[in-house]
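Residue strings, one per chain:
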Amino acid sequence: MKALKHLFQAFLRSRRAMGLFSRDALPSGKALPRSVAPALTRELLRASRDDAAAVLARAGSSEDGLSREEARAALTRFGPNEVAHEKPLPGWLHLWYCYRNPFNLLLTLLAVVSYVTEDMKATLVIGSMVVLSTLLRFVQEGRSNRAAARLKAMVSSTATVLRRNGPGQPGPAQGNADAPHSGFGQQARRHEVPLREVVPGDLVLLSAGDMIPADCRVLNAKDLFVSQAAMTGESLPVEKRADAAASSGAGVLDASNLLFMGTNVVSGTALAVVVATGNRSYFGTIATRVTASDRTPTAFEAGVNSVSWLLIRFAAVMVPVVLFINGYTKGDWTEAFLFALSVAVGLTPEMLPMIVTSTLAKGAVVLSRRKVVVKRLDAIQNFGAMDVLCTDKTGTLTQDRIVLERHTDAFGQPSDEALKFAFLNSHYQTGLKNLLDHAVLEHVELHTQLRVAEDYRKVDEIPFDFERRRMSVVVAEQDHHHELICKGAVEEVLQVCSRLREGDASLPLDEDRLARVRRVTRELNREGLRVVAVAMKEVPPQRSDYGVADESDLILVGYLAFLDPPKDSTAEALGALAAHGVSVKLLTGDNELVAAKVCRDVGLAADSIVLGTQIEHMNDETLRHTVERHQLFAKLTPLHKERIVHALRANGHITGFLGDGINDAPALRAADIGISVDSAVDIAKEAADIILLEKSLMVLEQGVIEGRRTFSNMLKYIRMTASSNFGNVFSVLVASAFIPFLPMLPLHLLVQNLLYDLSQIAIPFDNVDDELVRQPLRWNPADLGRFMVFFGPISSLFDILTFALMWFVFGANSPEHQTLFQSGWFVIGLLTQTLIVHMIRTPRLPFVQSRASWPLLLATGAIMAAGIWLPMGPLADYFKLQALPAGYFPWMIAILFGYACLATVLKRVYIRRYGWQ
């Protein structure tokens, strides 16, 4: 079992032993919902309620365990003790997933048509966009997934089982030392077997630090406490016994004689029989639910698809219209088809997949510098769009460790004396020191203040046991007298107290004072604190041996109150999220009073609490209303958390979930963005989209802001491209109807489109105004359509002015002069398209109140220069353009200036009417 300690550190690194005296720990009340695994629930409850003989008989085992032959047969029948994990996608399938989206499919079709019509330039341009966007996503996601895989510190582990000898094999020696539990394993020997070879019916030996290898029924236990934090979210460990009657009427996770795979032993020893392994275990059921189901499309995927289909539908309507008008008016249907094909390419934002992928990849690189592993690139945008974050408590908001919060007298007033006696008790006890003891001993200054080494000497110790639920030490203070100091569960300590201390006085513990004492401890419990009582009495120094009978007529000194404190960064991080429009809801399997205490400490509202038992009886419609009105949900099972996330998404929220336990995995999978930490269990890391490598939660705010920057830059490209493309098509329709030649050749359209696309490559590195990252951002196809219709005709207006300029001023009004006409519109069309990048990248006044990043300024400037150079340079004939007269350029400057002014004025009108996301 020693090797399991390493697995415990790797598999449940964030889980720690949470204390010893658990009767005062508030009940969890958790039961596995019937809809998760009814057969598993019935089997586990039956194992809990039956006596040991019946459980062994049903498992096909005996008091001496299985023989080797029986174990091999069980392994063949039930399979390895392994939990389903999300297998990495094969490279070819991952590549396909990176490729398949509406635009890539459309662009591929256009590339095929271009190839068939022998337009190799268009084929190469379009094909390059598809290949680049697909490979960029494939490489970046592959790198992130490999980084996430390295976080899984899986080790080879074994379990200690008792196996009886088969026929013909030598029996155990007399007084078998391998059988430490009376009545079991008398004819068996210990065997270290690989974890995957543990089978139902095996007898498993457990001790402190071991991870539970499968779902088990306790047969014999001594001082056994188990941490179920990864399963239920409870900070404190729970006591486990072999008594079947103690579990009567309890839910599965409350059964005091059941142990669950993935939890770990805090203290004590036990012998247990395995009742379920692998995917048939409670943990396995959750893992199967997470890995077997396909993830619901996230808000990002749905948004991209809706925007894609909006633009595709627009192109599907406009391209046939262009084809018909040009074929009908010009009479050359072949030329009209090629022109319509070029319009289709121009209308399609072929850079969208590449812009989206490169923007997301750039965000992933930025987050990686902040110790964040991004497993799915889409999650970055969802980070920015997120308006609700659901979070687990233990290990995420809290430190997952116990600290001493208060030390008080019997009536709740601060008392150093209670801490003094508790320190001496914890310092001198020789039994296993739990985390409560370690929290007390952290006050090392008391060792010097009390002069422990000089003034105190240990005389005797009365060990802890589960009947008394307290332990005592006897110390000699300078050999003047002995002090018996008792520490334990409140009610058990009160049973042996006859007096209490108030100030320097020792008062009788009568009914009135006892009632006051209980009110104080109840109030501490209501605050979510774990309470331990401290009592003492002085005895003559003659004796050296003490027993349980001496724990009587004690004086109640006071209490120690413990809690799992919030992380230092929690309150600040939650406040920052709220300031950025993200509301936080706490979803925990822990007790509601403990959860409420944490909420108060970190600034979350905890006025009303919804329990898992209430959710169990809600239909989906009721739950959708409930999740809007409450922030704190306690005593939840994994399915409850998952249902809450689904309800929030059904209400239109972009929902994130932050968790690290087994019980968080389904909700992590169901959320738009699942966030976990590097110390989480493997199933949680597999279900997550993003993994935080640092304990500070401030990285959440940074992730939200980076996600919004990413989204804002993607939205810029879509808005710019959609509005300019709409204007171009409208201009083409006007020109085609009234001009006796093509307003621009197919080659011109493709070159213009390519140059414009190149100017957009720097958009992922553009600056984003502060006001654009203050609130959640999301896809809105209706808003995009409105934006396209509003701004598109502006460019069309100046295109028509250009037509008039070339027709009337420069005489390009016949087929013989069409090259001049086409060159004039080519230049102004490209320049207005590029200028609009700066006009609508920000709601502010461009170049004055908000400047683009240097890469974008240089890219757009270079493309505008190239657009002017093409008709004026040596390549003009190759591109079927001609040099423009000198008188053209003042007109060009005037048109561009007028375009910029009108776009700025109408942008203010648009913002006042519709806002600017």
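In case you missed it, the structure is sitting above this.
In this report, we go over the structure that sits alongside the text. (Residues numbered from 1 in each chain as written. Predicted model: local features only at pLDDT ≥ 70, side-chain atom pairs only at ≥ 80, totals over all residues. Heavy atoms only, no water.)

## Some words on the overall build of the protein chain
Part 1 of the reasoning: Across its full length, the protein chain holds 32 helices and 24 strands.
Part 2 of the reasoning: Scored against the burial criterion, the 917 residues of the protein chain give a buried share of 60%.
Part 3 of the reasoning: Partitioning the contacts of the protein chain with sequence separation of at least 6, the portion at a separation of at least 24 is 77%.
Part 4 of the reasoning: As displayed, the protein chain has an accessible area near 35600 Å², and 58% of this comes from carbon and sulfur atoms. (Helix = DSSP H or I, 4+ residues; strand = E, 2+ residues; numbered from the N terminus. Buried < 20%, exposed > 50% of the residue type's maximum accessible area, 1.4 Å probe, protein only. Contact = heavy atoms within 4.5 Å. Areas by Shrake-Rupley, 256 points an atom, 1.4 Å probe, with all protein chains shown as cover.)

## As for the environment of V677
Part 1 of the reasoning: Inspection of the secondary structure puts V677 in strand β23 (residues 673-677).
Part 2 of the reasoning: The sequence separation of V677 and L658 amounts to 19 residues, and the corresponding C-alpha distance is 8.5 Å.
Part 3 of the reasoning: Not counting residues up to four positions away in its chain, the partners in contact with V677 are G659, D660, K685, I691 and L692.

## What about the pattern of salt bridges?
Part 1 of the reasoning: Within this structure, the stated rule accounts for 32 salt bridges.
Part 2 of the reasoning: Note that E417 and R501 form a salt bridge whose closest N and O atoms lie 2.4 Å from each other. Of this pair, E417 sits in helix α14 (residues 416-428) while R501 sits in strand β15 (residues 497-502), and the two are 84 residues apart along the sequence.
Part 3 of the reasoning: Put simply, R719 and D783 hold a salt bridge, and the shortest N to O gap is 3.2 Å. In this pair, R719 is assigned in helix α27 (residues 698-738) and D783 in helix α29 (residues 781-809), connecting sequence segments 64 residues apart.
Part 4 of the reasoning: Note on R719: relative accessible area 3%, which makes it buried.
Part 5 of the reasoning: For D783, a relative accessible area of 9% puts it in the buried group. (Salt bridge = Lys/Arg side-chain N within 4 Å of Asp/Glu carboxyl O.)

## Topic: a nonpolar patch on the surface
Part 1 of the reasoning: On the surface, L89, W96, Y97 and L105 cluster together into a nonpolar patch covering about 380 Å² of accessible area.
Part 2 of the reasoning: Mapping W96 onto the fold places it in helix α5 (residues 91-99). (Patch = residues over 30% accessible without salt bridge, like charges linked within 9 Å, V, L, I, M, F, W, Y side chains within 5 Å.)

## Section: the side chain of D392
Part 1 of the reasoning: Tracing the sequence through the fold places D392 in the loop between β10 (388-391) and β11 (403-409).
Part 2 of the reasoning: A distance of 3.5 Å separates the side chain of D392 from the side chain of K641, its partner in a polar contact.
Part 3 of the reasoning: Not counting the four nearest positions on each side in its chain, D392 is found in contact with L397, L586, L587, T588, K641, F657, L658, G659, D660 and D664. (Polar contact = N/O pair within 3.5 Å; in protein donor to acceptor, adjacent residues only side chain to side chain.)

## What to know about the nonpolar core
Part 1 of the reasoning: By size, the foremost hydrophobic cluster in this structure holds 204 residues, and its most contacted members are L259, I644, I675, I690, L692 and L700.
Part 2 of the reasoning: The contacts of L700, once residues within four sequence positions are left out, are F383, L389, L577, L658, I675 and L692.
Part 3 of the reasoning: Among the nonpolar cores identified, the runner-up in size contains 31 residues, and L494, V496, L514 and A533 belong to it. (Core = buried A, V, L, I, M, F, W, Y, C linked by side-chain atoms within 4.5 Å.)

## Quick notes on the sheet that holds strand β21 (residues 632-634)
Part 1 of the reasoning: With mixed pairing, eight strands are arranged side by side in an open sheet as β9-β24-β23-β22-β10-β19-β21-β20. Looking at which strands have only one partner, the edges of the open sheet turn out to be β9 (372-374) and β20 (609-611). Each adjacent strand pair in this sheet contributes to an overall mean axis angle of 20°, direction not counted.
Part 2 of the reasoning: As paired strands, strand β19 (residues 583-587) and β21 are joined by two bridges and run parallel to one another. Within the sheet, the bridge partner assigned to L586 lies in β21 and is L632. (Pairing = 2+ DSSP bridges. Axes fitted to C-alpha atoms, helices over the stretch in contact; angles between N-to-C directions.)

## Structural notes on unusual backbone geometry
Part 1 of the reasoning: The backbone of R469 sits at a positive phi, close to 60°, despite the residue not being glycine.
Part 2 of the reasoning: In this structure, R469 sits in the loop between β12 (456-462) and β13 (470-477).
Part 3 of the reasoning: Positive phi, normally seen in glycine, also occurs at F847, with a value near 70°.
Part 4 of the reasoning: Position of F847 among the secondary structure elements: in the loop between α30 (818-839) and α31 (854-872).
Part 5 of the reasoning: Residue classification places F847 among the partly exposed positions, given a relative accessible area of 41%.

## Some thoughts on the packing of aromatic side chains
Part 1 of the reasoning: Evaluated as defined, the whole model comprises 18 aromatic pairs.
Part 2 of the reasoning: On the numbers, 4.9 Å between centres and 75° between planes, the contact of F803 with W825 is edge-to-face. With F803 in helix α29 and W825 in helix α30, the pair connects residues that are 22 residues apart, well separated along the chain.
Part 3 of the reasoning: Judged by its relative accessible area of 7%, F803 falls in the buried class.
Part 4 of the reasoning: The buried category is assigned to W825, whose relative accessible area is 3%. (Phe/Tyr/Trp six-rings, centres within 6.5 Å; stacked < 30°, edge-to-face > 60°.)

## A closer look at the packing of α30 against α31
Part 1 of the reasoning: The geometry of α30 relative to α31 is characterised by a closest axis approach of 9 Å and an angle of 175° between their N-to-C directions. When the axis of α30 is compared with that of α31, the two are roughly antiparallel. For the pair α30 and α31, the contacting residues are S823, F826, V827, L830, L831, T834, V837 and H838 in the first and L856, L857, T860, I863, M864, G867, I868, L870 and P871 in the second.
Part 2 of the reasoning: Within the contact of α30 with α31, the residues separate by chemical class into twelve nonpolar, five polar and no charged. (Parallel < 35°, antiparallel > 145°, perpendicular 65-115°, else oblique. Nonpolar A, V, L, I, M, F, W, Y, C, P; charged D, E, K, R; others polar.)

## Details of helix α28 (residues 746-759)
Part 1 of the reasoning: When the terminal C-alpha atoms of α28 are compared, their 20 Å separation across 14 residues agrees well with the 20 Å that a helix rising 1.5 Å per residue should span.
Part 2 of the reasoning: Where burial is concerned, most of α28 is hidden: twelve out of the 14 residues are buried. (Expected span 1.5 Å × (residues − 1).)

## Details of the pairing of strand β4 (residues 203-207)
Part 1 of the reasoning: With respect to burial, β4 is a largely interior element, four of its five residues being buried.
Part 2 of the reasoning: As paired elements, strand β2 (residues 158-164) and β4 share two bridges and run antiparallel to each other. Pairing of V161 across the sheet is with V204, part of β4.
Part 3 of the reasoning: For β4 and strand β8 (residues 264-276), the ladder comprises five bridges, and the chain directions are antiparallel. Bridged to S207 within β8 is T269.

## Quick look at the environment of R516
Part 1 of the reasoning: Relative to the elements of secondary structure, R516 occurs in helix α19 (residues 511-526).
Part 2 of the reasoning: Look at R516 and you get partly exposed, because its relative accessible area is 36%.
Part 3 of the reasoning: Spatially, the C-alpha atom of R516 lies 7.1 Å from that of F411, the residues being 105 residues apart in sequence.

## A closer look at the side chain of N425
Part 1 of the reasoning: As for its placement among the helices and strands, N425 is situated in helix α14.
Part 2 of the reasoning: In this structure N425 touches M471, S472, V473, I485, C486 and K487, once residues within four positions along its chain are discounted.

## Remarks on the state of the cysteines
Part 1 of the reasoning: Taken as a whole, this structure holds zero disulfides when the rule is applied.
Part 2 of the reasoning: For C497, which is in no disulfide, the shortest distance to another cysteine sulfur is to C486 and amounts to 7.2 Å. (Disulfide = S-S within 2.5 Å.)

## A few points about the packing of α29 against α30
Part 1 of the reasoning: Running from N to C, α29 and α30 point in directions that differ by 150°, and their axes come no closer than 10 Å. Viewed along their axes, α29 and α30 adopt a mutual orientation that is roughly antiparallel. Between α29 and α30 lies a crossing whose hand is right-handed. In this structure, α29 contributes D799, T802, F803, M806 and W807 to the contact, and α30 contributes L820, F821, G824, W825, I828 and G829.
Part 2 of the reasoning: Split by residue class, the contact of α29 with α30 holds seven nonpolar, three polar and one charged. (Left-handed = near helix turned anticlockwise from the far one by under 90°.)

## Let's talk about the environment of T655
Part 1 of the reasoning: Here T655 shows up in strand β22 (residues 655-658).
Part 2 of the reasoning: Of the residues examined, T655 reaches a relative accessible area of 0% and is grouped as buried.
Part 3 of the reasoning: Taking the C-alpha atoms as reference points, T655 and A670, separated by 15 residues in sequence, lie 9.1 Å from one another.
Part 4 of the reasoning: Filtering out sequence-adjacent residues up to four positions away, T655 remains in contact with V388, C390, V645, L648, R649, A671, D672 and I673.
Part 5 of the reasoning: From its side chain, T655 meets the backbone oxygen of H653 in a polar contact 3.4 Å long.

## Topic: α31
Part 1 of the reasoning: Counted at 1.5 Å a residue, the expected span for α31 with its 19 residues is 27 Å, and the 27 Å between its end C-alpha atoms agrees.
Part 2 of the reasoning: By the burial criterion, the buried members of α31 are L856, A859, T860, I863, G867, L870 and P871. Along α31, the residues classed as buried sweep out an arc of 90° about the axis, all on the same side. In α31, the exposed positions that point more than 90 degrees away from the buried face belong to W854 and L858. (Arc of directions from axis to C-beta.)

Shape is all these values report; function is a separate question.
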